[in-house]
Amino acid sequence: MPERFVTRFAPSPTGYLHLGHAYSALTAFAAARAAGGRFLLRIEDIDRTRCRPEYEAAIYEDLEWLGLEWEAPVRRQSDHFADYAGALERLIERGLVYRCFKSRREVLEEIARAPHLAADGPEGPQYVGAPLPPEEEAARLAAGEPYAWRLSLAACRDHLGAAFGALTFTEEGVGGGEETGRVRARPEIFGDAIIARKDAGASYHLAAVHDDARQGITHVIRGADLFAAAHLHRLLQALLDLPAPAYRHHRLITDENGKKFSKRDRAVTLRALRAAGATRADILARLGLA
Ligand code: GLU
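- The chain is annotated in an unreviewed UniProt entry as Glutamyl-Q tRNA(Asp) synthetase of Amphiplicatus metriothermophilus.

### Section: unusual backbone geometry
In terms of backbone geometry, most residues other than glycine have negative phi values and most peptide bonds are trans.
Part 1 of the argument: In this chain, Ala72 is followed by Pro73 through a cis amide linkage whose omega measures -5°.
Part 2 of the argument: Mapping Pro73 onto the fold places it in the loop between α2 (53-65) and β3 (75-76).
Part 3 of the argument: One non-glycine residue, Glu178, adopts positive backbone phi at about 65°.
Part 4 of the argument: Relative to the elements of secondary structure, Glu178 occurs in the loop between β8 (168-171) and β9 (181-184).
Part 5 of the argument: A positive phi angle is found at Asp241, which is not glycine, with a value near 55°.

### Topic: the packing of aromatic side chains
What describes a pair of aromatic rings is the distance from one ring centre to the other and the angle between the planes of the rings.
Part 1 of the argument: Applying the stated criterion across every chain yields a total of eight aromatic pairs.
Part 2 of the argument: On the basis of an interplanar angle of 85° and a centroid distance of 5.8 Å, the ring pair of Tyr147 and Trp149 is categorised as edge-to-face.
Part 3 of the argument: A relative accessible area of 25% places Tyr147 in the partly exposed class.
Part 4 of the argument: Site record: aromatic cluster; members linked through ring pairs are Phe101, Tyr147 and Trp149.
Part 5 of the argument: Of note, Arg99 hangs over the ring of Tyr147, and the distance from its end group to the ring centre comes to 5.0 Å.
Part 6 of the argument: Here the guanidinium or amino end of Arg274 rests over the ring plane of Trp65, the centre of that ring lying 5.1 Å away.

### A few points about the layout of surface pockets
Part 1 of the argument: Considered as a void within the structure, the second largest pocket measures approximately 170 Å³ in volume.
Part 2 of the argument: Along the wall of the second largest pocket there are 14 residues; nearest its centre are Phe101, Lys102, Glu110, Tyr127 and Leu132.
Part 3 of the argument: Looking at the lining of the second largest pocket, the elements with two or more residues in it are β4 (97-100) and α4 (104-113).
Part 4 of the argument: Of the residues forming the lining of the second largest pocket, the biggest block, four residues, is contributed by α4.
Part 5 of the argument: Looking at the lining of the second largest pocket residue by residue, the class counts come to six nonpolar, one polar and seven charged.

Rules of the game
Residues numbered from 1 in each chain as written. Predicted model: local features only at pLDDT ≥ 70, side-chain atom pairs only at ≥ 80, totals over all residues. Heavy atoms only, no water. Helix = DSSP H or I, 4+ residues; strand = E, 2+ residues; numbered from the N terminus. Phe/Tyr/Trp six-rings, centres within 6.5 Å; stacked < 30°, edge-to-face > 60°. Buried < 20%, exposed > 50% of the residue type's maximum accessible area, 1.4 Å probe, protein only. Lys NZ or Arg CZ within 6 Å of the ring centre and 35° of its normal. 1 Å grid on protein atoms, 1.4 Å probe; cavity = no way out; pocket = protein on both sides within 12 Å on 5 of 7 lines; lining within 4 Å. Points joined across faces, edges and corners; volume = space filled by probe spheres on them. Nonpolar A, V, L, I, M, F, W, Y, C, P; charged D, E, K, R; others polar.

Rendered as C-alpha coordinates:
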(Lines give C-alpha, C1' and ligand atoms only; values in the text may rest on other atoms or scores of the structure.)
Protein backbone atom coordinates (compact mmCIF):
# COMPACT_ATOMS: atom_id res chain seq x y z
CA MET A 1 0.00 0.00 0.00
CA PRO A 2 1.45 3.42 -0.87
CA GLU A 3 2.56 5.55 2.03
CA ARG A 4 -0.11 8.03 2.99
CA PHE A 5 0.64 11.68 2.34
CA VAL A 6 1.52 13.49 5.57
CA THR A 7 2.55 17.13 5.71
CA ARG A 8 2.92 19.80 8.37
CA PHE A 9 3.00 23.51 9.11
CA ALA A 10 5.75 24.29 11.62
CA PRO A 11 5.67 27.90 12.82
CA SER A 12 7.84 29.35 15.56
CA PRO A 13 5.88 31.37 18.13
CA THR A 14 8.22 34.36 18.04
CA GLY A 15 5.63 36.77 16.68
CA TYR A 16 2.19 36.89 15.10
CA LEU A 17 1.55 34.98 11.89
CA HIS A 18 1.59 37.10 8.74
CA LEU A 19 0.51 36.63 5.14
CA GLY A 20 3.60 34.56 4.35
CA HIS A 21 2.68 32.06 7.08
CA ALA A 22 -0.92 32.00 5.90
CA TYR A 23 0.24 31.08 2.40
CA SER A 24 2.42 28.27 3.74
CA ALA A 25 -0.22 26.85 6.04
CA LEU A 26 -2.99 27.04 3.42
CA THR A 27 -0.74 25.47 0.76
CA ALA A 28 0.21 22.55 2.99
CA PHE A 29 -3.39 22.08 4.14
CA ALA A 30 -4.73 22.10 0.56
CA ALA A 31 -2.04 19.62 -0.53
CA ALA A 32 -3.02 17.23 2.26
CA ARG A 33 -6.69 17.53 1.32
CA ALA A 34 -5.96 17.00 -2.38
CA ALA A 35 -3.95 13.86 -1.61
CA GLY A 36 -6.44 12.50 0.93
CA GLY A 37 -3.61 12.78 3.44
CA ARG A 38 -2.92 14.24 6.87
CA PHE A 39 -2.07 17.77 7.96
CA LEU A 40 -0.13 18.26 11.19
CA LEU A 41 0.83 21.36 13.13
CA ARG A 42 4.13 21.59 14.97
CA ILE A 43 5.18 24.40 17.27
CA GLU A 44 8.92 25.05 16.83
CA ASP A 45 9.73 26.71 20.11
CA ILE A 46 13.19 25.52 21.12
CA ASP A 47 14.38 29.12 21.35
CA ARG A 48 13.14 29.79 24.88
CA THR A 49 14.23 33.44 24.83
CA ARG A 50 12.24 34.44 21.74
CA CYS A 51 9.14 32.24 21.94
CA ARG A 52 6.07 33.41 23.89
CA PRO A 53 2.95 31.52 24.97
CA GLU A 54 0.73 34.34 23.72
CA TYR A 55 2.16 33.90 20.22
CA GLU A 56 1.48 30.18 20.38
CA ALA A 57 -2.12 30.85 21.43
CA ALA A 58 -2.42 33.33 18.57
CA ILE A 59 -1.20 30.69 16.08
CA TYR A 60 -4.13 28.41 16.95
CA GLU A 61 -6.59 31.27 16.80
CA ASP A 62 -5.31 32.60 13.47
CA LEU A 63 -5.18 29.17 11.82
CA GLU A 64 -8.72 28.40 12.96
CA TRP A 65 -9.84 31.71 11.57
CA LEU A 66 -8.27 30.69 8.25
CA GLY A 67 -10.44 27.58 8.37
CA LEU A 68 -7.66 25.06 8.93
CA GLU A 69 -8.01 21.84 10.88
CA TRP A 70 -5.13 19.83 12.25
CA GLU A 71 -4.66 16.69 14.26
CA ALA A 72 -4.36 16.68 18.04
CA PRO A 73 -2.16 16.59 19.97
CA VAL A 74 0.02 19.29 18.46
CA ARG A 75 3.71 18.53 18.81
CA ARG A 76 5.44 21.27 20.78
CA GLN A 77 9.22 21.00 20.44
CA SER A 78 9.96 22.40 23.89
CA ASP A 79 8.30 19.26 25.32
CA HIS A 80 10.81 17.04 23.52
CA PHE A 81 14.29 18.27 24.37
CA ALA A 82 15.15 14.74 25.58
CA ASP A 83 14.46 13.40 22.05
CA TYR A 84 16.83 15.92 20.50
CA ALA A 85 19.46 15.10 23.13
CA GLY A 86 19.08 11.44 22.12
CA ALA A 87 19.60 12.27 18.44
CA LEU A 88 22.62 14.40 19.32
CA GLU A 89 23.99 11.52 21.40
CA ARG A 90 23.88 9.26 18.34
CA LEU A 91 25.92 11.82 16.39
CA ILE A 92 28.39 12.10 19.31
CA GLU A 93 28.77 8.31 19.52
CA ARG A 94 29.51 8.18 15.82
CA GLY A 95 32.15 10.90 16.18
CA LEU A 96 30.33 13.20 13.77
CA VAL A 97 30.15 16.33 15.92
CA TYR A 98 32.58 18.31 18.04
CA ARG A 99 32.26 20.86 20.80
CA CYS A 100 32.73 24.49 19.77
CA PHE A 101 33.32 26.99 22.56
CA LYS A 102 33.76 29.97 20.24
CA SER A 103 31.52 32.99 20.27
CA ARG A 104 30.14 34.26 16.98
CA ARG A 105 32.64 37.10 17.19
CA GLU A 106 35.57 34.73 17.63
CA VAL A 107 34.40 32.74 14.62
CA LEU A 108 34.20 35.91 12.54
CA GLU A 109 37.66 37.01 13.69
CA GLU A 110 39.11 33.63 12.80
CA ILE A 111 37.54 33.79 9.35
CA ALA A 112 38.92 37.31 8.83
CA ARG A 113 42.41 35.92 9.44
CA ALA A 114 41.82 33.13 6.90
CA PRO A 115 39.81 34.75 4.09
CA HIS A 116 39.74 31.55 2.01
CA LEU A 117 37.14 30.39 4.53
CA ALA A 118 35.06 33.50 4.05
CA ALA A 119 32.38 32.23 1.66
CA ASP A 120 28.91 32.87 3.01
CA GLY A 121 26.53 30.01 3.59
CA PRO A 122 22.80 30.12 4.32
CA GLU A 123 23.47 30.97 7.98
CA GLY A 124 26.55 33.14 7.64
CA PRO A 125 30.18 32.26 7.04
CA GLN A 126 31.03 28.68 6.11
CA TYR A 127 33.08 28.01 9.19
CA VAL A 128 35.04 24.76 9.27
CA GLY A 129 36.72 23.98 12.55
CA ALA A 130 38.03 21.03 14.50
CA PRO A 131 37.74 19.61 18.00
CA LEU A 132 40.03 21.18 20.59
CA PRO A 133 42.99 19.20 21.89
CA PRO A 134 41.62 16.97 24.69
CA GLU A 135 43.45 18.79 27.55
CA GLU A 136 42.18 22.20 26.46
CA GLU A 137 38.67 20.87 26.04
CA ALA A 138 38.77 19.25 29.47
CA ALA A 139 39.97 22.51 31.04
CA ARG A 140 37.19 24.52 29.41
CA LEU A 141 34.59 21.96 30.43
CA ALA A 142 35.90 22.01 33.99
CA ALA A 143 35.63 25.81 33.94
CA GLY A 144 31.97 25.44 32.95
CA GLU A 145 32.37 27.27 29.64
CA PRO A 146 29.31 26.95 27.39
CA TYR A 147 29.70 25.23 24.04
CA ALA A 148 27.74 24.36 20.93
CA TRP A 149 28.02 21.12 18.95
CA ARG A 150 29.07 21.46 15.33
CA LEU A 151 28.67 18.82 12.67
CA SER A 152 32.11 17.95 11.28
CA LEU A 153 31.90 17.80 7.48
CA ALA A 154 35.22 15.94 7.44
CA ALA A 155 33.91 13.27 9.84
CA CYS A 156 30.64 13.00 7.86
CA ARG A 157 32.59 12.42 4.64
CA ASP A 158 34.62 9.68 6.33
CA HIS A 159 31.55 8.10 7.86
CA LEU A 160 29.44 8.02 4.70
CA GLY A 161 32.22 7.50 2.16
CA ALA A 162 31.01 7.71 -1.44
CA ALA A 163 27.42 8.07 -0.21
CA PHE A 164 28.25 11.59 1.02
CA GLY A 165 28.66 12.94 -2.50
CA ALA A 166 25.75 10.89 -3.80
CA LEU A 167 23.07 12.21 -1.43
CA THR A 168 20.06 13.65 -3.22
CA PHE A 169 16.64 14.90 -2.25
CA THR A 170 13.44 15.28 -4.21
CA GLU A 171 12.19 18.80 -4.80
CA GLU A 172 8.61 18.83 -6.04
CA GLY A 173 8.43 22.62 -5.96
CA VAL A 174 11.27 24.99 -6.78
CA GLY A 175 14.22 26.26 -4.78
CA GLY A 176 15.52 29.82 -4.84
CA GLY A 177 17.89 28.90 -7.67
CA GLU A 178 15.13 27.18 -9.69
CA GLU A 179 16.24 23.75 -8.46
CA THR A 180 13.63 21.09 -9.03
CA GLY A 181 13.37 17.32 -9.37
CA ARG A 182 16.24 15.27 -8.02
CA VAL A 183 18.66 17.67 -6.38
CA ARG A 184 22.13 16.75 -5.20
CA ALA A 185 22.46 17.59 -1.52
CA ARG A 186 25.30 20.04 -0.85
CA PRO A 187 25.48 20.24 2.95
CA GLU A 188 28.95 21.74 2.63
CA ILE A 189 27.37 25.14 1.92
CA PHE A 190 26.76 25.37 5.68
CA GLY A 191 30.37 24.64 6.65
CA ASP A 192 30.44 22.80 10.00
CA ALA A 193 26.84 23.63 10.95
CA ILE A 194 25.77 24.18 14.54
CA ILE A 195 23.63 21.19 15.39
CA ALA A 196 23.09 21.97 19.06
CA ARG A 197 23.16 25.59 20.16
CA LYS A 198 24.91 26.75 23.30
CA ASP A 199 21.64 27.95 24.77
CA ALA A 200 19.22 25.30 23.54
CA GLY A 201 20.97 21.90 23.38
CA ALA A 202 19.40 21.47 19.94
CA SER A 203 19.03 23.49 16.77
CA TYR A 204 16.26 24.08 14.30
CA HIS A 205 17.96 21.60 11.95
CA LEU A 206 18.25 18.76 14.44
CA ALA A 207 14.78 19.25 15.89
CA ALA A 208 13.07 19.64 12.50
CA VAL A 209 14.75 16.59 10.96
CA HIS A 210 14.03 14.50 14.04
CA ASP A 211 10.40 15.57 14.18
CA ASP A 212 9.74 15.20 10.47
CA ALA A 213 10.76 11.55 10.85
CA ARG A 214 8.98 11.04 14.18
CA GLN A 215 5.77 12.49 12.77
CA GLY A 216 6.00 10.40 9.60
CA ILE A 217 6.11 13.46 7.34
CA THR A 218 6.20 12.38 3.69
CA HIS A 219 6.11 15.92 2.24
CA VAL A 220 7.78 18.99 3.71
CA ILE A 221 5.93 22.01 2.34
CA ARG A 222 7.40 25.40 3.25
CA GLY A 223 8.72 28.66 1.81
CA ALA A 224 11.60 28.79 -0.65
CA ASP A 225 13.59 30.74 1.96
CA LEU A 226 14.15 27.39 3.68
CA PHE A 227 15.23 25.55 0.54
CA ALA A 228 18.92 25.65 1.50
CA ALA A 229 18.15 23.87 4.77
CA ALA A 230 17.11 20.78 2.80
CA HIS A 231 20.78 20.24 1.82
CA LEU A 232 21.74 19.88 5.47
CA HIS A 233 18.55 18.09 6.48
CA ARG A 234 19.23 15.38 3.90
CA LEU A 235 22.68 14.79 5.40
CA LEU A 236 21.26 14.60 8.93
CA GLN A 237 18.67 12.07 7.74
CA ALA A 238 21.46 9.92 6.32
CA LEU A 239 23.56 10.19 9.50
CA LEU A 240 20.63 9.38 11.78
CA ASP A 241 19.17 6.63 9.56
CA LEU A 242 15.94 8.54 9.09
CA PRO A 243 13.66 8.41 6.04
CA ALA A 244 13.91 11.28 3.55
CA PRO A 245 10.66 13.12 2.88
CA ALA A 246 10.01 14.88 -0.44
CA TYR A 247 10.30 18.67 -0.39
CA ARG A 248 7.91 21.12 -1.92
CA HIS A 249 9.23 24.65 -1.48
CA HIS A 250 6.81 27.34 -2.52
CA ARG A 251 7.15 30.92 -3.67
CA LEU A 252 7.44 33.62 -1.05
CA ILE A 253 4.73 36.17 -0.48
CA THR A 254 6.21 39.61 -0.91
CA ASP A 255 5.09 43.16 -0.34
CA GLU A 256 4.59 45.70 -3.12
CA ASN A 257 8.39 46.28 -3.21
CA GLY A 258 9.07 42.59 -3.71
CA LYS A 259 10.41 42.22 -0.16
CA LYS A 260 9.44 39.14 1.81
CA PHE A 261 7.32 39.70 4.87
CA SER A 262 8.93 39.27 8.24
CA LYS A 263 7.62 39.13 11.77
CA ARG A 264 8.44 42.82 12.08
CA ASP A 265 5.86 43.80 9.45
CA ARG A 266 3.02 44.32 11.87
CA ALA A 267 0.61 45.64 9.28
CA VAL A 268 0.40 42.27 7.54
CA THR A 269 -0.11 40.07 10.57
CA LEU A 270 -3.32 38.12 10.22
CA ARG A 271 -4.66 39.74 13.37
CA ALA A 272 -3.98 43.25 12.11
CA LEU A 273 -5.69 42.45 8.81
CA ARG A 274 -8.60 40.89 10.67
CA ALA A 275 -8.88 43.89 12.99
CA ALA A 276 -8.97 46.10 9.92
CA GLY A 277 -11.98 44.14 8.66
CA ALA A 278 -10.41 41.58 6.31
CA THR A 279 -12.30 38.31 5.88
CA ARG A 280 -10.87 34.89 5.17
CA ALA A 281 -11.97 35.32 1.54
CA ASP A 282 -10.01 38.59 1.34
CA ILE A 283 -6.87 36.82 2.55
CA LEU A 284 -7.27 33.99 0.05
CA ALA A 285 -7.79 36.52 -2.74
CA ARG A 286 -4.76 38.52 -1.70
CA LEU A 287 -2.65 35.36 -1.70
CA GLY A 288 -3.93 34.30 -5.11
CA LEU A 289 -5.57 31.20 -3.60
CA ALA A 290 -9.21 32.12 -4.09
N1 GLU B 1 9.87 27.05 12.18
C2 GLU B 1 10.27 27.48 10.86
C3 GLU B 1 9.77 28.90 10.62
O4 GLU B 1 8.98 29.41 11.36
C5 GLU B 1 9.75 26.58 9.76
C6 GLU B 1 10.52 25.34 9.66
C7 GLU B 1 10.13 24.34 8.59
O8 GLU B 1 9.03 24.42 8.01
O9 GLU B 1 10.93 23.45 8.35
O10 GLU B 1 10.18 29.52 9.67
